[in-house]
Every structure is written in structure tokens, then in C-alpha cells.
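# Fold and contact review
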Amino acid sequence: MAKLDRDVILAIQKQAPRVGRRQIKKEFKKEFDKLKNQMIDEFLNHPVSVELAAGPSAGNISGTLGGVSNLFAFIGFSQGDDPLIPILKVLQSTSFRQVDIIKKNRKVGINYLVDFPEPNAVFSVTPLPWATGRSWAKGIESGLSGLGYLLRKSSASSRSGVAVQSKKRVRGGKFQNVPYISSLLKKYKTKFDKLK
Amino acid sequence: MIEQFQHKFTTSLMLWFDNFLLTKGEAFTNKTGSLYYYEDPHLDSSFKAYGSPYKQWVTDSSVSDANIPDGIFVNGSLSGRGAGVKLDFENGRALLNTSSESLNVTGSFAVKDFNIYYTNETEDDLIIEKKYTVNSRLPGASQNAISPYDQVVPAIFLSNESMVNKPFALGGMEETTVRASAVILAEDSYQLDGVLSIFADSHNEAFNQIPMSGHPMNEFADLKDGSYSYTDVAGTYDSQRPFYVENVTTSKLADKARKSLANDLFVGFIDFDIQAHRRRFQ
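Residues numbered from 1 in each chain as written. Chains lettered and ligands numbered in written order. Predicted model: local features only at pLDDT ≥ 70, side-chain atom pairs only at ≥ 80, totals over all residues.

### Quick notes on the overall build of chain B
Within chain B, the regular secondary structure consists of 5 helices and 15 strands. For 282 residues, the compact-globule estimate of 2.2 N^0.38 gives 19 Å, and chain B sits close to it at 20 Å. Over its C-alpha atoms, taken along the principal directions, chain B stretches across nearly 65 × 45 × 35 Å. The 282 residues of chain B split such that 39% are buried. Within chain B, contacts between residues at least 6 apart in sequence are counted, and of these 76% link residues at least 24 apart. (Helix = DSSP H or I, 4+ residues; strand = E, 2+ residues; numbered from the N terminus. Rg over C-alpha atoms; globule rule 2.2 N^0.38 Å. Buried ≥ 20, exposed ≤ 12 C-beta atoms within 10 Å, placed from the backbone. Contact = placed C-beta atoms within 7 Å.)

What follows is the structure, given as C-alpha cells:
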């Protein structure tokens, strides 16, 4: 086989990134989007998300309240609230950008950096309705008091309608915290880091 | 059971929190006035209680300008511990070794802007269920003795919520994170905002591990050694790795929610993540 001149090899190496960039990006984006959608699906199918999405009439399918009442009322959301939207926006903001072109041992590639949200980005957009400096999403992981429920109960009119009629008393000590945002992001950060 | 890490944490947090609030916020007022006799069936018959209108006097002499009493005036003469007087800093009173119930007792002392308590009660119980006596620090408040033992507001309730260990270094070193919280019940929003601001700035603070034996009070809530300085006590326990405020979040009960409370208190929250690097069981 004829051997290429060194000049020709260098020229090809120089042009290859420009020529192949679009193809490489296309392939990377395909894998990236697949993983991103998988992450969002997993978030939406988490029992806590499912329960919150169902609103004030949902059952406690997440098991966080021992089957009594539901998270939507316990946290103190108002009827019509959609607490998952801010989190979805944060997850949707996951993106990637080209940082450099790699040339090593006659191989050429492109390095992408994934801009991935930290848990704090989620916690900062998920304020409790009754104490805006606190995050309900963090509370799901570390513990929540029943204050939202009781405050609403003690007010003259219920904001989430149905849940106030619960006959059993919901106490802060009854809340069972579960892994939620932090573990989801940790899992997918590892997956995005491995993306090639 | 011998003292464990969690016990040491509780003592250290209480003493640090008290000192931090008093020094950074100068959250106390020096008062001078009468102490009034009242009957206290919990006391030994050899003691008579003479109480001030305020609970929780400042004990910490490392707090600049705070008037820390070492005695009271009985009929105009100074009477201190040497004369058998016990100063109950927690309940804001003096216990006199006398049978007389009609002495003229006066004293000078610094009163904390906030009573500080350690609690295992939930936020719901603290904010919704419990009824409090307001022991106002504002001028013009009651001139009678405040009754002892009950928790009064303005107050800050500290509690430990959880503790998690994570491997940190070879050789068994753990990174222990304790989640602690404070519920603040204030008389007005100025008080509340002040406390929240001070502790929002406690991020990255470190404080020494103080064992239970380092706690300054005895069974009468008087000072064990006659005086107490947080700086000095913390300084004697500087050989162990300190606690470190890794993360702190402050928040307030929204006004809409606050108005549904039976009392007219301003409520705030401080959530701490406090870390220590240590070996287990130490």
C-alpha cells in the first residue's frame, strides 16, 4: 500500500475536524438527547413526581406519608399549582458545548462539555409555599414537617380544597424521606460523563 | 451510657449558637431592677425564689458589655455566692438561703433578646400546637417575676434532625454531616430578620467540640465555676477537629401563612448542615 506523505497526513488532520464536526456532533447529540430524555422520564415516573402531578386528589402512592393524605396537600400547594414544572425546566436546561478538538496518534475527535445541573439548582426553584427560603424537593430527601398541611387546616379556607377534608391528622414525624433529586442527578451525571 | 458524638455535638452547638448570636448581634439588653418573691414548690425549703421579669440572663463573660451578675443586692447590700445565693440564669432569678419572703432584692443583669432552648419537638408542635407566654424584652413590659420552668418567647428552638457518615479518608476517617435546625419565634420582623441575617452569615464558621463536662451550668442553672467565658472554654478543647458549618439556609414563614396562626409571632427557620471529620465512636 502506498504510504501518504507527511504533508498530506497533516493536511487531512487539519481538515478532518471541520469536515467531520457536523457528523460527530450529530452522533453525540443523538446519544445526549436519548440520555436526557431518559433522565426526564425517570424524574416524571418517580413516585413522588407522579403523586405531585396528580394534584390534591391523589393517593399517597410514594408511601412518604404512610398512606395518609397526599404530598400535594402535605406540602401545602394550592389547587392548580404544578410543582414539577420548575424542576422540568432545570432538567431541560441540560446542554452540551464543544470545548476543544483532540488530535492524538493520528486520531481526531471533539471534546464536549455537558452543562449539567447541580441539586442546588433544583432546590433554588422549589420553594415551599409557606416558607420560600426552604425547598420542598430537598425536604423530600431530608425530611419535611407537616406545617404546610396544618397551616392550611388552621386557616379559614383551604387552598388545595380536597386534602383539607382528610380526617386523619398528618404529623411532621410521619413523613418518611426518600431519595429524589440528588440521587437522580448523581446517577445521570455519571452517565453523561461516560458519554462518547 | 458514656458520652457519644451526638451528645458532644448538642452541647457544642448550643454554646456556639448562644455566643454567636450574642457577640455578632449584641442580642442582649442590660437591665437593673427589682426581683420579686414567689413560691416555687420545686425548691428545697431552705431556698426562697426572687425572680426578675425576664428569663435567660446572659452567662457568657466573653460577650462585650454584657452585665454578668455575680450576686444581687439584698436590702441594699451585695450578696453573692459566698453568702449562699444561687443565681438561676435560666429562669432569671436568685435563690436565697433565707426564710424571709419580704426582702428588698434588686439586681443588674443582661437579658438575652432570645431565649434559647434545645428541643425534640416537631416544627408543627412548636409553631401550631404550643401556647407560649410572651416574655417581652420591649420597654414597658411586666414588672412581676416571670414564672419559672415554662418556655417563653421570643425564643429559638434548636434541634438535631439527622446524622450521616460518609467515608472520607483511608484509615477510617469519616465525614459526619449533622443536619440541625432552629425555629425562631420573634416578637417582630426586625428581631427575626436580625437573627436570620446573622446565621445566614455563619456559613464556613468553625466551632470547637465541647464535651458535656464543659457545659458551664450546674443543677441550679448557676455557673459551676462562678464565671463562664465561651472563648476560654472553647479554647481548652481545641485539640480535636472542630465542627464546620458546611451549609446554612434561612427562611421565614410567609406572611399569608403566619396570619393563620393563633399567636401573632414572626416565625423563621435556620437549617444547618454541620460537618466534622472524625473516626467512629470518637
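Once you've had a look at it, read on.
### Side note on the overall build of chain A
The number of helices and strands found in chain A is 8 helices and 4 strands. Ordered by position from N to C terminus, the α and β elements of chain A give α-α-α-α-β-β-α-β-β-α-α-α. The buried share of chain A, reckoned over its 196 residues, is 31%. For chain A, the share of sequence-separated contacts (at least 6 apart) that also reach a separation of at least 24 residues comes to 61%.

### A look at the confidence of the model for chain A
Residues and elements named next belong to chain A. Per-residue pLDDT for chain A averages 82, and the proportion of residues at 70 or more is 83%. Averaged over each element, pLDDT in chain A is lowest for helix H7 (residues 147-154) (72) and highest for helix H4 (residues 85-92) (96). In the model, residues 156-173 has pLDDT below 50 throughout and makes 41 contacts with residues more than four positions away in sequence or in other chains. (pLDDT = per-residue confidence, 0-100.)

### Points about the pairing of strand E1 (residues 28-38) of chain B
Residue and element names in this part refer to chain B. The pairing of E1 with strand E7 (residues 105-112) spans 8 bridges and is classified as antiparallel. Along E7, the bridge assignment pairs Thr32 with Ser108. With 3 bridges connecting them, E1 and strand E2 (residues 48-51) associate as antiparallel partners. Bridge pairing in E2 places Tyr36 opposite Gly51. (Pairing = 2+ DSSP bridges.)

### Looking at the sheet that holds E1(B)
Note: strands within a sheet are paired through backbone hydrogen bonds, in either parallel or antiparallel orientation. Residue and element names in this part refer to chain B. Strand order in the open sheet made by the 7 strands is E4-E3-E7-E1-E2-E6-E5, with antiparallel pairing throughout. Two strands bound the open sheet, and with one partner strand each, they are strand E4 (77-80) and strand E5 (86-88). In this sheet, neighbouring strand axes are inclined to one another by 35 degrees on average, regardless of whether the strands run parallel or antiparallel. As judged from the 2 bridges shared by strand E3 (residues 71-74) and E7, these two strands associate in the antiparallel manner. Residue pairing for E7: Phe73 is matched across the bridge by Thr106. (Axes fitted to C-alpha atoms, helices over the stretch in contact; angles between N-to-C directions.)

### Some details on the environment of Asn75(B)
Residues and elements named next belong to chain B. As for its position among the elements, Asn75 is in the loop between E3 and E4. Look at Asn75 and you get exposed, because 10 C-beta atoms sit within 10 Å. Those residues in contact with Asn75, other than ones at most four positions away along the chain, are Leu103 and Asn104.

### Some points on the interface of chain B and chain A
It is common to give the size of an interface as the accessible area lost on bringing the parts into contact. Of the residues lining the interface, 17 residues belong to chain B; the matching set on chain A comes to 17 residues. Secondary-structure elements contributing two or more residues to the side of chain B that touches chain A are helix H2 (123-129), strand E11 (155-169) and strand E14 (243-252) of chain B. Residue composition of the side of chain B that touches chain A, by class: 6 nonpolar, 6 polar and 5 charged. (Nonpolar A, V, L, I, M, F, W, Y, C, P; charged D, E, K, R; others polar.)

### Re helix H3 (residues 189-200) of chain B
Residue and element names in this part refer to chain B. The terminal C-alpha atoms of H3, which comprises 12 residues, lie 16 Å apart, in line with the 16 Å expected from a rise of 1.5 Å per residue. Every buried residue belonging to H3 is among Gln191, Leu192, Gly194, Val195, Leu196 and Phe199, and all of these are buried. Close packing links the buried residues of H3 with helix H1 (5-25), E11, strand E12 (173-186), E14 and strand E15 (266-279). (Expected span 1.5 Å × (residues − 1).)

### Re the environment of Ile85(A)
Within the secondary structure, Ile85(A) is located in helix H4. In the structure, Ile85(A) is positioned 41 residues away from Thr126(A) in sequence and 9.5 Å away in space, judged by C-alpha atoms.

### Considerations on unusual backbone geometry
All names here are of chain B. Along the chain, Val153 connects to Pro154 via a cis peptide bond; the corresponding omega equals 5 degrees. We note that Gln56 has phi near 55 degrees; this positive angle belongs to a residue other than glycine. Take Gln56: it is sitting in the loop between E2 and E3. Of note, the phi angle at Asn204 is positive, near 80 degrees, even though the residue is not glycine. Its place among the elements puts Asn204 in the loop between H3 and strand E13 (206-207).

### Details of the packing of H1(B) against H3(B)
Residues and elements named next belong to chain B. With their axes 10 Å apart at the nearest point, H1 and H3 run at an angle of 110 degrees to one another. One way to sum up the angle between H1 and H3 is to call them roughly perpendicular. For the pair formed by H1 and H3, the contact residues are Phe20, Leu21, Lys24 and Gly25 on the first element and Gly194, Val195 and Ile198 on the second. Considering only residue class, the contact of H1 with H3 consists of 4 nonpolar, 2 polar and 1 charged. (Parallel < 35°, antiparallel > 145°, perpendicular 65-115°, else oblique.)

### Points about the nonpolar core
Core analysis: the biggest nonpolar cluster contains 103 residues, and Ala94(B) and Ile184(B) have the highest contact counts within it. Ignoring anything within four residues of it in the chain, the contact list for Ala94(B) reads Leu35(B), Tyr50(B), Ile72(B), Val85(B), Leu87(B), Val105(B) and Gly107(B). (Core = buried A, V, L, I, M, F, W, Y, C linked by C-beta atoms within 7 Å.)

### So, the sheet that holds E12(B)
All names here are of chain B. One open sheet holds the 6 strands; their spatial order is E8-E11-E12-E15-E14-E13, and the pairing between them is mixed. Only two strands of the sheet have a single partner each, and these edge strands are strand E8 (115-118) and E13. Against the sheet, H1 engages E8, E11, E12, E13 and E14, with an angle of about 130 degrees to E11.

### Regarding H4(A)
All names here are of chain A. All buried positions along H4 are accounted for by Ile87, Val90 and Leu91. Take H4 and look down its axis: the buried residues cluster within an arc of 95 degrees, on one side only. Opposite its buried face, H4 presents the exposed residues Ile85, Lys89 and Gln92, each directed more than 90 degrees away. (Arc of directions from axis to C-beta.)

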